[in-house]
Protein chains: 2
Amino acid sequence: MRLVIALGGNALLKRGEPMSVEVQRRNIRAASVALAPVIRAHSVIVTHGNGPQVGLLALQAAAFTSVPSYPLDVLGAESEGMIGYLLEQELSNLLGPSVPLATLLTQMEVDPRDPAFLHPTKPIGPVYTADEAEAIKDRLGWQMVQDGAKLRRVVPSPAPVALMERKAVEVLVQTGVTLICAGGGGIPVAREPNGTFAGVEAVIDKDWASELIAKLMRADGLIMLTDVDAVKSDYGTPHARNIRSAHPAALSSLSFDAGSMGPKVKAGIAFATATGGFAAIGALTDLDRILSGEAGTRISTLHEGILYGR
Amino acid sequence: MRLVIALGGNALLKRGEPMSVEVQRRNIRAASVALAPVIRAHSVIVTHGNGPQVGLLALQAAAFTSVPSYPLDVLGAESEGMIGYLLEQELSNLLGPSVPLATLLTQMEVDPRDPAFLHPTKPIGPVYTADEAEAIKDRLGWQMVQDGAKLRRVVPSPAPVALMERKAVEVLVQTGVTLICAGGGGIPVAREPNGTFAGVEAVIDKDWASELIAKLMRADGLIMLTDVDAVKSDYGTPHARNIRSAHPAALSSLSFDAGSMGPKVKAGIAFATATGGFAAIGALTDLDRILSGEAGTRISTLHEGILYGR
């Protein structure tokens, strides 16, 4: 099977954890241990988020006041280098030299008129106390939203409409190279009136970027890994139930948290509907059981209605 | 022809210039204007340095004291993302969608016993006054050397011995993708006693990394672009003369500045001797005339002795 497997940025640098390279490396190693057997058995494209990491790079850039901060597209490119390197190295150490790996810098075209630019929703970086957030807003003008008892920076998250490096992705995947790409959803670029492309200040949702790549590469499955075990109906209420499998049309009738599970469910529905392939959402640590259908939530036109379970 | 073209990190962010993204983008655009016609006519692999940029990333990381600085291998990976993105975007805007481009994250194996680890020689980042340098040495422990009237950080620059992503580079080049790779000489990694690889605190010389890639990819030519128009004998003396062409054996008898021209000349000699191909060294702005043999210094076993000229 050809699989696109998307790793949450928070799975690589968990909420509230110190943002040190040691912590990030340990989490990436754990993710790689889960991925390695799947890469041995299937043709895999690995994508990943960058929310915490691109936020850290923005804080570092802002702290060094001698040089004006680079814009978010450039910081996104830096985060693709940072995370891609750590992930490729850990995977390579587990898989050995006989499994060729590559990390490709990925740009995604977005529509400059995407309404997402008017309503920033994508949280990046660490959480702040009210006082910290106020000081940062004053100094840097960053937009903040409530995140539990704390605050977090938000940036626009437009939808990806085209993959700039399509030929390279195709060539690598077709020749059996395990590819790490679309890091952080890809670097967001938009077409200028004169026809050239320029970066934009945004962070693309990596689930939608992964869905686009899965469609373009005719993947059999799109697997979105996060820190919860399944999609839940009535999440956060006493009636919450895990969804084991669902037909995309049936799942469309339910609503989910716009910040986290919503994009995954919508991207999964879109992929299953457009291709007849399956999408799955679940915990990184359950990857093998998600593939065998024993864990996570599977979305496919082969299912009828919605099946609930443990 | 298949060509490996190496861009100096200083050609992308010149000594003493502000390190802003606008300045870097303007320089990268100028480099891209020089490269574009050559990419249209030949199979090109573009490599580049990262001295100023990785130094900036290190300063930014050190300025944000809430998170310990990431090591140089990770900063090198970030710089590959940053520079690779800007370069790919400018080239893509000049060449249009019919010329497929890709930027590949590149790791280079180095020997952990390389004597370069004992004698840091590679300058990175901006230049500092004596007072600034002293404050940085106290706080961060960075090693500094004199650079003209100022000081600059130096780090070890071990020789690359193997390209970790060889299969991906081969596949992309063979299918006609114009590849940007080995940014900053590649991320330096070394084999641990248990056989796995780990990053090391160093910055590989991008000319030697380019020479390795040129050999592996059986390139016809290795072109190293910098900010001087040719290799000069008796550089800095009244007897200084431009070298127009040289047999590698003849050139080996001369000595050159170990910090800048020396590695280029040695890498060029090594490539020409090992492959029978040509190496050329010259100014970015002269690229077309370097290719036609009218500018720069050409090193090849087809030449005899040393030919001096304008």
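Residues numbered from 1 in each chain as written. Chains lettered and ligands numbered in written order. Predicted model: local features only at pLDDT ≥ 70, side-chain atom pairs only at ≥ 80, totals over all residues. Heavy atoms only, no water.

(A) Seen up close, the overall build of chain A. Scanning chain A from N- to C-terminus turns up 10 helices and 17 strands. For chain A, the C-alpha radius of gyration of 19 Å lies close to 19 Å, the compact-globule estimate for 310 residues. Once the C-alpha set of chain A is aligned to its principal axes, its extents read approximately 55 × 50 × 45 Å. Looking at chain A as a whole, 60% of its 310 residues qualify as buried. (Helix = DSSP H or I, 4+ residues; strand = E, 2+ residues; numbered from the N terminus. Rg over C-alpha atoms; globule rule 2.2 N^0.38 Å. Buried < 20%, exposed > 50% of the residue type's maximum accessible area, 1.4 Å probe, protein only.)

(B) Representation of helix 4 (residues 72-95) of chain A in the model. All names here are of chain A. Here helix 4 spans 33 Å end to end across 24 residues, near enough to the 34 Å set by a 1.5 Å rise per residue. Of all the 24 residues making up helix 4, 21 are buried; the element is thus mostly covered by neighbouring parts of the structure. At the C-terminal side of helix 4, glycine 96 shows a positive phi close to 80°. (Expected span 1.5 Å × (residues − 1).)

(C) How the structure looks around the nonpolar core. One finds Ile5, Leu7 and Ile223 of chain A together with Ile5, Leu7 and Ile223 of chain B to be the most contacted residues of the largest nonpolar core, which totals 124 residues. What isoleucine 5 of chain B contacts, discounting residues up to four positions off in sequence, is Leu35, Val38, Val44, Ile45, Val46, Thr47, Ile223, Leu225 and Leu287 of chain B. (Core = buried A, V, L, I, M, F, W, Y, C linked by side-chain atoms within 4.5 Å. Contact = heavy atoms within 4.5 Å.)

(D) Representation of the packing of helix 3 (residues 51-63) of chain A against helix 4 of chain A in the model. Residue and element names in this part refer to chain A. Remark: helix 3 packs on helix 4, axes separated minimally by 9 Å, with the N-to-C direction vectors making an angle of 120°. Classified by the angle their axes make, helix 3 and helix 4 are oblique. Once helix 3 is placed against helix 4, the crossing between them reads as right-handed. Counted together, Gln53, Val54, Leu57 and Ala58 of helix 3 and Leu72, Leu75, Gly76, Glu78, Ser79, Met82 and Ile83 of helix 4 form the full contact between these two elements. Classifying every residue of the contact of helix 3 with helix 4 gives seven nonpolar, three polar and one charged. (Axes fitted to C-alpha atoms, helices over the stretch in contact; angles between N-to-C directions. Parallel < 35°, antiparallel > 145°, perpendicular 65-115°, else oblique. Left-handed = near helix turned anticlockwise from the far one by under 90°. Nonpolar A, V, L, I, M, F, W, Y, C, P; charged D, E, K, R; others polar.)

(E) Just the side chain of threonine 47 of chain A, in detail. Residues and elements named next belong to chain A. Mapped onto the elements, threonine 47 comes out in strand 2 (residues 43-48). The exposure class of threonine 47 is buried, given its relative accessible area of 0%. There is a polar contact of 2.7 Å between the side chain of threonine 47 and the side chain of serine 210. When near neighbours in sequence (up to four residues on either side) are disregarded, threonine 47 contacts Val4, Ile5, Ala6, Leu7, Cys181, Ala182 and Ser210. (Polar contact = N/O pair within 3.5 Å; in protein donor to acceptor, adjacent residues only side chain to side chain.)

(F) Main features of the packing of aromatic side chains. In total, this model carries zero aromatic pairs over all chains according to the counting rule given. Against the face of phenylalanine 278 of chain A rests arginine 298 of chain A, its NZ or CZ located 4.1 Å from the ring centre. (Phe/Tyr/Trp six-rings, centres within 6.5 Å; stacked < 30°, edge-to-face > 60°. Lys NZ or Arg CZ within 6 Å of the ring centre and 35° of its normal.)

(G) Broad picture of the interface of chain B and chain A. Each partner contributes to the interface: chain B provides 48 residues, whereas chain A provides 48 residues. Between chain B and chain A the total buried area reaches about 4000 Å² when both faces are included, carbon and sulfur atoms providing 67% of it. On the chain B side of the contact with chain A, Gln60, Tyr70 and Tyr85 of chain B bury the most area, a combined 17% of that side's loss. Here chain B and chain A share two salt bridges between them. Here chain B is connected to chain A by 14 residue pairs in polar contact (both at pLDDT 80 or more). Among the secondary structure elements, those contributing two or more residues to the side of chain B that touches chain A are helix 2 (21-41), helix 3 (51-63), helix 4 (72-95), strand 3 (101-103), helix 6 (166-174), strand 10 (187-191) and strand 11 (197-199) of chain B. Per-element accounting of the side of chain B that touches chain A gives the leading share, 12 residues, to helix 4 of chain B. (Buried area = accessible area lost by both parts, 1.4 Å probe. Salt bridge = Lys/Arg side-chain N within 4 Å of Asp/Glu carboxyl O.)

(H) Highlighting empty space enclosed by the protein. Counted under the stated rule, the structure contains four cavities of 30 Å³ or more. Here the largest cavity defines a volume of roughly 90 Å³. As for the largest cavity, its lining consists of 15 residues, and the residues nearest its centre are Leu105 of chain A together with Glu80, Thr103, Leu104 and Leu105 of chain B. Secondary structure elements with two or more residues in the lining of the largest cavity: helix 4 of chain A together with helix 4 of chain B. The residue makeup of the lining of the largest cavity, split by class, is seven nonpolar, six polar and two charged. Forming the boundary of the second largest cavity are 14 residues, of which Asn50, Gly76, Gly184, Gly186 and Pro188 of chain B lie nearest the centre. (1 Å grid on protein atoms, 1.4 Å probe; cavity = no way out; pocket = protein on both sides within 12 Å on 5 of 7 lines; lining within 4 Å. Points joined across faces, edges and corners; volume = space filled by probe spheres on them.)

(I) Looking closely at the pairing of strand 1 (residues 2-7) of chain A. Residues and elements named next belong to chain A. For strand 1, a buried count of five out of six residues is recorded, marking the element as mostly surrounded by other parts of the structure. Pairing of strand 1 with strand 2, which is carried by six bridges, proceeds in the parallel orientation. Along strand 2, the bridge assignment pairs arginine 2 with serine 43. In the sheet, strand 1 pairs with strand 12 (residues 221-226) via five bridges, with the strands oriented parallel. In the strand pairing of strand 12, leucine 3 is matched with glycine 221. (Pairing = 2+ DSSP bridges.)

(J) Region of the structure containing the pairing of strand 15 (residues 278-283) of chain A. All names here are of chain A. With respect to burial, strand 15 is a largely interior element, six of its six residues being buried. Strand direction decides the pairing type here: strand 12 and strand 15, joined by six bridges, are parallel. By the bridge assignment, methionine 224 is partnered in strand 15 with isoleucine 281. Both strand 15 and strand 16 (residues 297-299) contribute to a ladder of three bridges, which runs antiparallel. Its bridge partner lying in strand 16, isoleucine 281 is registered against threonine 297.

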